[in-house]
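Coordinates in review
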Amino acid sequence: MNDFVKKVSSKISKLSTEQLERFIEDMTTQNDLANSIMDSLQIGLLLVSPQWNLFKANKAVDHLLPLKKRSSEIEPDKYAIWDIVDEDSLKSFFKECSESKKFNAAEEFSIVQDDKVRFISVEIMPFVMHQEINGSLITINDVTEKRQQEILLHRMESLASLTNLAASVAHEIKNPLGAISIHIQLLQKSIKKARERDGMIPDEKFMENYLDVINEEIENLNKIVVDFLFAVRPVKASLVLSDPDVLIKKFASFFEAEFKQKHIQIDLNLCDSSTRLLIDEKLFREVIVNLAQNALAAIEERFPPDASCKAVSGCVEFMQGRLSIESFIKEDKYVLSISDNGMGMDENTVSKIFEPYYTTKATGTGLGLTMVYKIIKEFRGDIDVKSVLGHGTVFTISIPLPRKGTILLENKASDNEVYNSDN
């Protein structure tokens, strides 16, 4: 079509009136077709000039963006895009792109409208014509359903975890209840026999043996309930922007003395990029300390301290233990690797390591790594574990870097307030 238009345009002076009318009619049809296609799209499209004046917009823009008036009522190429948009945050975004001459940029916003939150993504790309950049093409996508699906998936994961936890608690409760039931029955039979024989109940010591077992099992039940509440309660995180590497150095100094005393070396290899993450410092400390203590137990299991070695400051046999903490940035994520050369785990243990109440320690509760998992998920991150029995374990944590410019917008038609959010 473009070649045809060029060809006709070069010979327009030679065309008859009838040919001109037909040419104009064809051009009008093509223009109407292009407009109809644009207006049929669910994606909002805005074409702006090199000066960022609005040249053209489709109908979807009217309900996707907060505009001062309908796009069809705006005179083409007369107003800058930030003078048309009725939202300060979007104005700032467009002005920043204009001043810095950004032709490739993307941000995500969320709009509160009628007490409902709608998420939109705004992407800017260069508009190329005749092999030159002649402005910018802005696309607006409604990503509300995608975000809601992410929330629903997170809730389903939490529900599945809670179901598994409830099954584990039911299993844990059965044993103490069984012990209590048996000892109560034994106590009842003893009392019944004693009364039938001489009317006297068994001696105090005899009864206390049963009662002591019952009380002990009741305490076990209480502990199970307390641990269950601990495991299911929501993680109350006070998220702030913090430098994770600075925190790790601080936490490492806390347990360094204990590791040094046991001749275990700590290696820190941090990226020191001044990266700030949206995390809770206390909960982040709980994650690091918990994984460090697990590493300590695994190292001691593989390299048990020799009694004759404890008194020797530089004992080579006991210097084999090593804990390594490394951090780096990869694909817009902060990645933290915590590895040890301890006993390691088999595949079955690795597959259950984050399940509530699962533990390989004689005195463990099986909730430490469950809590670590919950905290990392609260930070919107992921945690993975790889281990080789007899060689060591590596925990890898990845936390997304804060998305710049994610803002909760005010709906001008209501009295809702403007909020800032990194979600």
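Presented here is an overview of the structure given in this document. Here the structure is a predicted model, which is why all the values come from computation and not from measurement.

**Considering the nonpolar core**
If you look at the biggest cluster of nonpolar residues, it comprises 43 residues, and the most contacted ones within it are Phe-255, Phe-284, Leu-323 and Leu-336. Element by element, the count of residues in this core is highest for helix α9 (residues 281–302), at 10 residues. With near-sequence residues (within four places) excluded, Leu-336 lies in contact with Ile-248, Phe-284, Ile-288, Ile-325, Glu-326, Ser-327, Phe-395, Thr-396 and Ile-397. Counting 26 residues, the second largest nonpolar core, distinct from the first, contains Leu-46, Ala-60, Ala-105 and Ile-120.

**Some points on the side chain of Ser-49**
Positionally, Ser-49 belongs in the loop between β1 (44–48) and β2 (54–57). Looking at Ser-49, the relative accessible area reads 9%, which means it is buried. Not counting residues within four places of it along the chain, the set of residues in contact with Ser-49 comprises Asp-77, Asn-134 and Gly-135.

**So, the environment of Asp-346**
As for its placement among the helices and strands, Asp-346 is situated in the loop between β10 (333–340) and α11 (347–352). The class for Asp-346 is partly exposed, based on a relative accessible area of 36%. Through-space distance from the C-alpha of Asp-346 to that of Val-388 is 6.5 Å; in sequence the pair is 42 residues apart.

**Thoughts on the side chain of Ser-136**
Along the chain, the position of Ser-136 falls in strand β5 (residues 132–142). Residue classification places Ser-136 among the buried positions, given a relative accessible area of 1%. If near-sequence neighbours (up to four positions away) are discounted, Ser-136 is found in contact with Leu-46, Leu-47, Val-48, Trp-52, Phe-103, Ile-124, Met-125 and Phe-127.

Each value, and the rule that gives it
Once a new chain begins, its residue numbering starts again from 1 and follows that chain's sequence as written. Totals for whole chains, interfaces and linings use every residue, but because this is a predicted model, local features are given only for residues with pLDDT of at least 70 and side-chain atom pairs only at 80 or more, for both listing and counting. Each side-chain value is worked out from all heavy atoms of the structure, with water and hydrogens disregarded. We define a nonpolar core as any set of buried Ala, Val, Leu, Ile, Met, Phe, Trp, Tyr and Cys residues linked to one another through side-chain atoms lying within 4.5 Å. Remark: exposure states derive from per-residue accessible area (1.4 Å probe, protein chains only) relative to the maximum for the residue type, with buried under 20%, exposed over 50%, and partly exposed in between. Only runs of H or I of at least four residues qualify as helices and only runs of E of at least two qualify as strands under DSSP, and these elements are numbered from the N terminus. Residues count as neighbours in contact if any of their non-hydrogen atoms are within 4.5 Å of one another.

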